[in-house]
Amino acid sequence: MIERRSFLLSLGASALALPMLGISADDAAGEPFERALVLSGGGARGAYEAGVIGALAAIAAVSDGSPLPPYEIVCGTSIGALNGWFFATGQYTKLRELWYGISGQNLMRAKRQYAALRDPESGILNIAAAAASLTRLAKNQRAILESEPVSDWISRNIDPSTPLLMPLVFATTNLTLQRPEYFYVRPQGGSGDLSQKLVNELHVTLGPHTVVREATPDLLHRAIFASAALPIVFDPVLIPNPDGNVNEYCDGGVASNSPVGIAHSVSSGADVILLDPPFEPQTSYSDAVEIVFGIYGTMQRKILETEMRNAYFQSVGKRAFEGLGAQEVAHATLGNPTLLKLLETVPITKLRYIRPEEELPVGVAGFDDEVGIGKAYRTGWEDVGHGFTSYDWETFEL
């Protein structure tokens with residue numbers, strides 16, 4: 001039998017924990033979403049994600065305009081934020097059509113001074129001049145590609161008035177303030193507590209200073225483009241802050257290319273679509289660009305490993321404490337309200353993932369590669385037949 005004193009101590013510690021962390025009991029009481037879909041960044045290789053989504057919808061016999069169970073929230077970064085919009089709005093057919101037609105949109109347009117680098121017929125003098133311009137990029141220019149083609153494409157195909165079937169949360173990087181930030185879009189007519197729920201739960205898992213903002217209709221296009229604006233490739237995207245200051249934003253993949261941390265904060269399960277196969281080391285790099293992207297890839301892989309391990313071990317710890325009796329919990333948490341708060345708020349998240357077995361036949365910037373995009377889409381579709389793999393920290397390889 002539980003001793004009355006221990007039981008009261010447990011209740012007292014619980015009541016003390018919440019105000020110390022600035023979170024009310026009502027805020028902490030919300031149930032996590034059943035399962036989140038996590039969509040990674042990876043440019044044109046996002047065709048693989050679209051293929052996975054298409055196959056999942058087909059297998060479940062879900063039509064356009066209907067949510068795909070058991071998913072209740074989608075979390076994305078970069079191209080994953082774009083794909084996530086169409087998933088969250090149930091536009092499965094349009095997502096497929098956009099990917100099969102994107103190669104004809106000429107989205108990756110070099111700025112005039114760099115255009116000769118992509119045109120082998122432009123002549124050696126023009127190529128030399130373009131190369132010289134590239135060497136001055138650090139001082140005189142901030143990006144190689146034009147932003148307008150991609151920005152216009154987003155504006156044409158993403159209608160902020162389209163009803164959402166589930167929340168969408170995606171990562172960006174505030175370059176001005178040098179920090180990750182997270183935007184969310186919520187279904188109309190949904191729970192009025194969703195905003196506070198997302199803020200509270202991301203604060204617990206990602207840190208109390210994590211910035212979480214709503215991508216209101218006037219900000220949606222810019223916020224999604226910002227999530228995909230790869231540094232050096234595109235100019236930073238200007239977005240006003242609530243305080244009226246305008247900040248520069250870029251690729252969410254700088255801090256979280258596969259936003260597992262978001263999904264862990266809010267859901268009991270997370271299915272992660274990865275765009276990289278198990279790593280096969282490249283022993284040499286032919287130029288500076290390859291070195292830069294090699295470094296960038298190293299950072300992203302390490303962040304992904306950390307986020308997945310954090311979610312896994314926090315869940316393991318939560319399960320262990322759930323196996324304790326009330327008297328043992330009261331003893332362990334007495335005088336440690338932070339521990340009790342974590343036990344009450346951090347969800348147990350079951351992680352699963354799906355990934356290509358081999359390198360996808362399209363590059364990150366291969367939006368004009370019709371054949372490669374089609375093959376990547378079909379690879380994603382076919383890989384669903386193998387199912388998702390349960391994450392295990394001892395066997396998972398980057």
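Coordinates for the structure precede this section.
Bear in mind that the values here come from a model prediction, so they are computed numbers and not experimental data. (Residues numbered from 1 in each chain as written. Predicted model: local features only at pLDDT ≥ 70, side-chain atom pairs only at ≥ 80, totals over all residues. Heavy atoms only, no water.)

**As for helix 8 (residues 148-157)**
What counts here: A 1.4 Å probe rolled over the protein chains alone gives each residue an accessible area, and that area as a share of the maximum for its type sets the label: buried under 20%, exposed over 50%, partly exposed in between. The way it works is that DSSP assigns letters per residue, a run of H or I at least four long becomes a helix, a run of E at least two long becomes a strand, and they are numbered from the N terminus. Think of it as the arc spanned by the lines of direction from the helix axis to the C-beta atoms. The criterion used for residue contact is that any of the two residues' heavy atoms lie within 4.5 Å.
If you check which residues of helix 8 are buried, you get Pro149, Val150, Trp153, Ile154 and Asn157. Taken around the axis of helix 8, the buried residues stretch over an arc of 135°, which confines them to a single face. If you follow the buried residues of helix 8, they end up packed against helix 4 (79-88), helix 5 (92-101) and helix 10 (220-228).

**A closer look at the pattern of salt bridges**
Inclusion rule: Throughout this description, the term salt bridge denotes a Lys or Arg side-chain nitrogen within 4 Å of a carboxyl oxygen of Asp or Glu.
Following the criterion strictly, the structure yields nine salt bridges and no others. When the shortest N-O distance is used, the salt bridge between arginine 45 and glutamate 359 registers 3.2 Å. Highlighted residues: arginine 45 in the loop between strand 1 (36-39) and helix 3 (46-59) and glutamate 359 in the loop between strand 9 (350-354) and helix 16 (370-383), separated in sequence by 314 residues. Note on arginine 45: relative accessible area 11%, which makes it buried. Arginine 179 serves as the salt-bridge partner of glutamate 181, at 2.8 Å between the closest nitrogen and oxygen. Sharing partners across several salt bridges, the network here consists of Arg35, Asp271 and Arg352.

**A look at unusual backbone geometry**
With an omega of 5°, the peptide bond between proline 69 and proline 70 qualifies as cis. As for its placement among the helices and strands, proline 70 is situated in the loop between helix 3 and strand 2 (73-77). For alanine 61, which is not glycine, the phi dihedral falls at a positive 55°. Secondary-structure assignment places alanine 61 in the loop between helix 3 and strand 2.

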